[in-house]
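These are the residues of each chain, in order.
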Amino acid sequence: MDPKYQRVKLNDGHFIPILGFGTYAPEEVPKSEALEVTQLAIEVGFRHIDCAHLYQNEVQVGQAIRSKIADGTVKREDIFYTSKLWSTFLQPELVRPALEKSLKNLQLDYVDLYIIHFPLALKPGEELFPKDENGKVIYDSVDFCRTWEALETCKDAGLAKSIGVSNFNHKQLEKILNKPGLKYKPVCNQVECHPYLNQNKLLEFCKSHDIVLVAYGALGSQRLKNWVNPNYPILLEDPVLCAIAKKHKQTPALVALRYQIQRGVVVLAKSYNRKRIKENMQVLDFELTPEDMEAIDGLNSNIRYYDLVLTECSYYEAMKKKQDFFLMEKKGKKSKANFLSIPGEDPIPEDTHGNIAFDTMDLCTTWEAPETCKDAGLTKSIRVSNFNHKQLEKILNKPGLKYKPVCNQVFEFQLTPEDMECLDGLNRNIRYFDHGE
């Protein structure tokens, strides 16, 4: 990290500011707002601007950058601008034209960082989300290694100073890193990351390969209907964050942002609120203690707010149809409460607005009930499911624990459409059991 300029060195020698300004806004927000808030962000000190073709506001964001260069507030080299390659342009021959289109909209000669937005290909064309006659999204098949090679040529041509990825898991990253003839490693992986989804394993993997993790959704979410699961608790109302914020005389939002910076994560602060844009710059003015960091680490519950609706139903809805439910542990200074669906006949009870209705309870007290069921001979063993290590420790350290959980059942991955297509391609009509005469 460069303490003088609060920047992190990338693996290609360039530097990225640790605090970025996110420019996405819902469709109902006038595009002119992007111009005004980006200008303000630059005026108050932001030098890292994050945008994308998908956001459909690069014209306005580019205008804001150029206006601040024209009035002498900044020079072009002071601004670190990120754009993203959308999923309909992942075919190798479409990569450079897509970047050139963004540059034309921005009226800039180059972007500082160009990244693959999602490791998911959609049918090429002008529509952002191409659909068939039944309203289902039309996917495309592409080898991301070939897409990456096209990004490398964009870097060689000077159209992008650095190249990276977004929303990649470690397996997808490995595929690029292990590609024969790799010329440039991804400099970053931009992913959803916040205290409820701290991405520790992915962060460790990225650090081991000199790849910077960039956090979006660092403040939770704004409950955007097409992107965000609206049923999860609000991050910035968490009692732990609020207590730490009170101790430092800061806001929970600043604590959440500072948490990422002290982990070595580049963090994006997205806001169209003028007061908060100015306030977010204060994240560089204080430090969290090791105890604060440990307490915030303990909030990790693998809650993913951003549930991109690309299929007939989102991942959340699919899980809901299976009558699964979501559990999240919340830890306060004086009490340790857990949020669970409220009691009743409905497996996933909802309020009048269609949001999950949560209830509070102590899981240690709940655990005592299965122990009595085991003693009564109603079950031979008792276990848990989808617990993180902090939640397991809570039961294991419970005074008077009679039986430990025998196992922890977890669901950790999902096959991508590309994975399914590859597996489909293995069919050879081979019959191992031949019962012919």
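Our subject is the structure listed above.
Residues numbered from 1 in each chain as written. Predicted model: local features only at pLDDT ≥ 70, side-chain atom pairs only at ≥ 80, totals over all residues. Heavy atoms only, no water.

(A) Summary view of the overall build of the protein chain. The secondary structure content of the protein chain amounts to 14 helices and 15 strands. Considering the protein chain as a whole, with its 437 residues, one finds that 48% of them fall into the buried category. With the model as given, the accessible surface of the protein chain reaches about 22,600 Å², and the carbon-plus-sulfur share is 51%. (Helix = DSSP H or I, 4+ residues; strand = E, 2+ residues; numbered from the N terminus. Buried < 20%, exposed > 50% of the residue type's maximum accessible area, 1.4 Å probe, protein only. Areas by Shrake-Rupley, 256 points an atom, 1.4 Å probe, with all protein chains shown as cover.)

(B) The arrangement of the pattern of salt bridges in detail. Counting across every chain of the model gives 18 salt bridges. For lysine 84, the salt bridge identified is with aspartate 50, shortest N-O distance 2.6 Å. Taken as a pair, lysine 84 in strand β5 (residues 80–85) and aspartate 50 in strand β4 (residues 48–50) lie far apart in primary sequence, 34 residues in all. The partner of glutamate 149 in a salt bridge is arginine 146, and the shortest N-O contact between them spans 2.6 Å. Residue glutamate 149 and its partner arginine 146 are located together in helix α4 (residues 144–156), separated by 3 residues, close to a single helical turn. Judged by relative accessible area, arginine 146 falls into the partly exposed class, the value being 34%. What emerges from the salt-bridge pattern is a single network uniting Asp143, Arg146, Glu149, Lys175 and Lys179. (Salt bridge = Lys/Arg side-chain N within 4 Å of Asp/Glu carboxyl O.)

(C) Up close: the packing of helix α2 (residues 58–70) against helix α3 (residues 92–106). Two elements in contact, α2 and α3, have axes separated by 7 Å at closest approach and are oriented at 55 degrees. Relative to α3, the element α2 lies oblique. Contact residues: α2 offers Glu58, Val59, Gly62 and Arg66, while α3 offers Ser102, Asn105 and Leu106. Here the residues of the contact of α2 with α3 sort into 2 nonpolar, 3 polar and 2 charged. (Axes fitted to C-alpha atoms, helices over the stretch in contact; angles between N-to-C directions. Parallel < 35°, antiparallel > 145°, perpendicular 65-115°, else oblique. Contact = heavy atoms within 4.5 Å. Nonpolar A, V, L, I, M, F, W, Y, C, P; charged D, E, K, R; others polar.)

(D) Quick look at helix α6 (residues 200–208). Those residues of α6 not exposed but buried are Leu202, Leu203, Phe205 and Cys206. Along the long axis of α6, the arc covered by the buried residues comes to 165 degrees, so they all point the same way. Along α6, the residues that are exposed and aim more than 90 degrees away from the buried face are Lys201, Glu204 and Ser208. Residues of α6 that are buried make contact with α5 (170–177), β8 (188–192) and β9 (212–216). Just beyond α6, the residue with positive phi is aspartate 210, at close to 60 degrees. (Arc of directions from axis to C-beta.)

(E) Examining unusual backbone geometry more closely. For glutamine 199, which is not glycine, the phi torsion reads 55 degrees and is therefore positive. By secondary structure assignment, the location of glutamine 199 is in the loop between β8 and α6. You can call glutamine 199 buried: its relative accessible area is 15%. With a phi close to 60 degrees, aspartate 210 is a non-glycine residue in the positive phi region. Along the polypeptide, aspartate 210 turns up in the loop between α6 and β9.

(F) Molecular detail of the packing of aromatic side chains. This structure, assessed with the given rule, holds 6 aromatic pairs. With 5.4 Å between their ring centres and 70 degrees between their planes, tryptophan 86 and phenylalanine 129 make a pair best called edge-to-face. Here tryptophan 86 is found in the loop between β5 and α3, whereas its partner phenylalanine 129 is found in the loop between β6 (111–116) and α4, with 43 residues between them in sequence. Note on phenylalanine 129: relative accessible area 27%, which makes it partly exposed. Ring centres 5.5 Å apart and planes at 85 degrees place the aromatic pair tyrosine 216 and tyrosine 306 in the edge-to-face group. Here tyrosine 216, found in strand β9, pairs with tyrosine 306, found in the loop between α10 (290–297) and α11 (315–321); they are 90 residues apart in sequence, far enough to count as distant. Both residues of the pair, tyrosine 216 and tyrosine 306, count as buried. Here a set of aromatic residues connected by ring pairs shows up, and it is made of Trp86, Phe118 and Phe129. In this arrangement the basic side chain of arginine 7 is found over the ring face of phenylalanine 15, its NZ or CZ atom lying 4.5 Å from the centre. (Phe/Tyr/Trp six-rings, centres within 6.5 Å; stacked < 30°, edge-to-face > 60°. Lys NZ or Arg CZ within 6 Å of the ring centre and 35° of its normal.)

(G) Highlighting the environment of proline 195. Along the chain, proline 195 turns up in the loop between β8 and α6. Take proline 195: its relative accessible area is 0%, and that puts it in the buried class. Taking the C-alpha atoms as reference, proline 195 lies 6.6 Å from aspartate 297; in sequence the two are 102 residues apart. Aside from chain neighbours lying at most four places away, what touches proline 195 is Ala218, Leu235, Leu241, Tyr259, Ile296, Leu299 and Asn300.

(H) Quick look at the environment of isoleucine 116. Residue placement: isoleucine 116 occurs in strand β6. Sequence-wise, isoleucine 116 and serine 166 are 50 residues apart; in three dimensions their C-alpha atoms are separated by 5.8 Å.

This is a description of form; function is not addressed.
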